Amino acid sequence: MAVEKLNEANALIKIEVDNKEIDAKKEQVAKRFAKQVKVDGFRKGKVPVAVVKKMYGEAIEKEAIDELIKEEYEAGLKELGIEAKDIIAEPIFTKFDRGEEKTEIEIKVSLQPKVNVDGYEDAIPEVELPKVDEKEIEEKINEYAKNVAEPVDSDKEVAENGDIAVIDFEGYIDGEKMENGSAENYPLELGSNSFIPGFEEQIVGMKVGEEKEIKVTFPEEYGAKEIAGKEATFKVKLNKIQEKKTPEVNDDLAKKLLQMEDATVETLKEEIEKELINAKKAEVFAPKKAELVENLVAKFDFDLPDAVVEKEAEMVINQKASTMKEDELKELTSDAEKLKAFQEEAKKEAADKVKLTFIVDELAKKEGISVDDQEVLQVIYFEAIRQGQDAEKVYEYYKENNLIPAIKMSMIEDKLLNTLLDKKAK
């Protein structure tokens, strides 16, 4: 056996086994099998070794070779001074040559690289923090006030766009009353486009107490297929008109919006200012994050574990290939030079991604940044709900497919980049 430390992140263990050793190990394994296997016509533990060899020859040889490799592999790690905690990927067999007299094996081991991020502050670009003026704060408060405005009865006699028309209606298709097509005192905000197209427009101009028939056609893509594309007639009565009354901006509104007992208008302004700054900061930080990532990858250079890079390169290639059209893929695979360039580009991209992962990991430790399981759960649930999906099913899918660690790493990276950019924000 020979060992070689290729660099700080990769080592090679060369194993040479005389086939006589393999034969001797096969004898040991066969005897062990003879005590364990069940064979018709023999008592358990009394099966002749010759019978076992004939029945389980391939399995015996595989187990014998595996045991010898394991012994030599562990001895190689010991000689290299490598502990289990230093290994970060499955070992790669780069050679397995079963000759007539000996078997030659080479195993590449991927190690946790040594990452020195001293001077990382120099890679952080300067960021000019956005300013928020009083006018923007007032406009946002007024917007929120309108959002919580409550309807009040109006003295208006004629319905206009923007009003809330309180109506009774009954719907008919082909003279038959529609199922679930009627309501009393239904508050319909005119102009909200919450009803069938053309319905709200025909309410505009109606007088309080007036009754009329409205004809509309359900859209072809309407959810209820049995009435999609059909014409309907609605008997409508306008009972009253309501208008939304925007609440006065005072401490009561602040308490309502912030859900805080001791909230005041000043508290509300402070919170709105933070919200606006964070929104603007997100816009400003987005391009700066890309610049920061580029700077970090360019600034630090260290050996990367080949197995990790190769696995990432496979993912990059698969991802790029999945976006290609059939003719593009055919053209790529039929041109050796283009294919080689494509693979090299993918490997470079993969190496940068792997490098960034190790840099982020090291910087997160320095900055004391972490993300716990509860935070990951909240993000997954919020995103699922926002997209109208079943949050529990989405979480289970991520869990079953082992995607949680990647999500957590992404969250740590985002939190770290924000923290670093804050250091140079002015």
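Because the structure is a prediction, the values reported are computed rather than measured.

What counts, and at which threshold
- Residues numbered from 1 in each chain as written.
- Predicted model: local features only at pLDDT ≥ 70, side-chain atom pairs only at ≥ 80, totals over all residues.
- Heavy atoms only, no water.
- 1 Å grid on protein atoms, 1.4 Å probe; cavity = no way out; pocket = protein on both sides within 12 Å on 5 of 7 lines; lining within 4 Å.
- Points joined across faces, edges and corners; volume = space filled by probe spheres on them.
- Helix = DSSP H or I, 4+ residues; strand = E, 2+ residues; numbered from the N terminus.
- Salt bridge = Lys/Arg side-chain N within 4 Å of Asp/Glu carboxyl O.
- Buried < 20%, exposed > 50% of the residue type's maximum accessible area, 1.4 Å probe, protein only.
- Pairing = 2+ DSSP bridges.
- Phe/Tyr/Trp six-rings, centres within 6.5 Å; stacked < 30°, edge-to-face > 60°.
- Expected span 1.5 Å × (residues − 1).
- Arc of directions from axis to C-beta.
- Polar contact = N/O pair within 3.5 Å; in protein donor to acceptor, adjacent residues only side chain to side chain.
- Nonpolar A, V, L, I, M, F, W, Y, C, P; charged D, E, K, R; others polar.
- Contact = heavy atoms within 4.5 Å.

This brings us to the layout of surface pockets. One water molecule sets the probe size; rolling that probe over the atoms shows where empty space is left. The space that makes up the largest pocket amounts to roughly 850 Å³. Forming the walls of the largest pocket are 19 residues, and the residues nearest its centre are Val 308, Glu 312, Met 315, Val 354 and Thr 357. Of all the elements in the fold, those that place two or more residues in the lining of the largest pocket are helix H7 (306–322), helix H9 (336–367) and helix H12 (404–423). Per-element tally for the lining of the largest pocket: the top contributor is H9, with six residues.

Our next topic: the pattern of salt bridges. Side chains that carry opposite charge are capable of pairing whenever their charged atoms lie near each other. Per the stated rule, a full pass over the model turns up 39 salt bridges. The partner of Lys 95 in a salt bridge is Glu 104, and the shortest N-O contact between them spans 2.7 Å. For the salt bridge of Lys 365 with Asp 361, the shortest nitrogen-to-oxygen distance reads 3.5 Å. Taken together, the residues Lys 365 and Asp 361, both in helix H9 and four residues apart, mark about one turn of the helix. Looking at Lys 365, the relative accessible area reads 57%, which means it is exposed. Accessibility expressed as a relative area gives 31% for Asp 361, which makes it partly exposed. Members of the salt-bridge network, linked through shared partners, are Lys 25, Arg 32, Glu 63, Glu 67 and Glu 71.

For Asp 174, which is not glycine, the phi dihedral falls at a positive 55 degrees. Mapped onto the elements of the fold, Asp 174 is located in the loop between strand S6 (164–173) and strand S7 (176–189). On the accessibility criterion, Asp 174 (69% relative accessible area) is exposed. In the Ramachandran plot, Asn 402 falls in the positive-phi region, its phi being about 55 degrees despite a non-glycine side chain. Of note, Asn 402 is situated in the loop between helix H11 (391–400) and H12. Here Asn 402 falls in the exposed class, since its relative accessible area comes to 58%.

Our focus in this paragraph is the pairing of strand S2 (residues 10–18). Where strand S1 (residues 2–7) meets S2, five bridges bridge the pair, whose relative direction is antiparallel. Within the sheet, the bridge partner assigned to Ala 2 lies in S2 and is Lys 14. What sits between S1 and S2 in their antiparallel hairpin is a turn of two residues. As paired strands, S2 and strand S4 (residues 102–110) are joined by nine bridges and run antiparallel to one another. Bridged to Leu 12 within S4 is Lys 108.

Per the counting criterion, the structure on display carries eleven aromatic pairs. Taken together, the aromatic side chains of Phe 169, Tyr 186, Phe 195, Phe 199 and Phe 234 make up a single cluster linked through ring pairs.

On to helix H3 (residues 134–147). Helix length check: H3 (14 residues) gives 20 Å between terminal C-alpha atoms against 20 Å at 1.5 Å per residue, within 8%. Taken residue by residue, H3 has Ile 137, Lys 140, Ile 141 and Ala 145 as its buried positions. Buried residues along H3 cover an arc of 140 degrees about the axis, so they all sit on one side. Every exposed residue of H3 that faces more than 90 degrees away from the buried side is listed here: Lys 135, Lys 146 and Asn 147. The N-capping residue of H3, defined by a side-chain oxygen 3.2 Å from the backbone nitrogen of Lys 135, is Asp 133.

Let us look at the pairing of S4. Two elements, strand S3 (residues 92–98) and S4, share six bridges in a ladder whose sense is antiparallel. Within S4, the residue paired with Arg 98 across the bridge is Thr 103. Where S3 folds back onto S4 in an antiparallel hairpin, the turn is made up of three residues.

Okay, empty space enclosed by the protein next. Applying the stated rule across the entire model yields one cavity of 30 Å³ or more. Put simply, the largest cavity is a space of about 30 Å³. In terms of lining residues, the largest cavity is bounded by Val 17, Ile 22, Ile 65, Leu 68, Ile 69, Thr 103 and Ile 105. For the lining of the largest cavity, the secondary-structure elements that each account for two or more residues are helix H2 (49–80) and S4. With three residues, the single largest contributor to the lining of the largest cavity is H2. Considered class by class, the residues forming the lining of the largest cavity number six nonpolar, one polar and no charged.

Summarising the element assignment, Asn 19 is placed in helix H1 (residues 19–36). Assessed through its relative accessible area of 9%, Asn 19 is described here as buried. Within the structure, Asn 19 has its side chain in polar contact with the side chain of Thr 103 (distance 2.9 Å). Setting aside chain neighbours within four positions, we find Asn 19 in contact with Arg 98, Gly 99, Glu 100, Glu 101, Lys 102 and Thr 103.

Turning our eyes to something else, we now look at the environment of Glu 210. Note on placement: Glu 210 falls in the loop between helix H4 (199–203) and strand S8 (211–217). According to the relative accessible area criterion, Glu 210 is partly exposed, its value standing at 29%. For Glu 210, the contacting residues outside a window of four places in its chain are Gly 205, Val 236, Lys 237 and Leu 238. A distance of 2.8 Å separates a polar side-chain atom of Glu 210 from the backbone nitrogen of Lys 207.

Keep in mind these numbers describe shape, not what the thing actually does.
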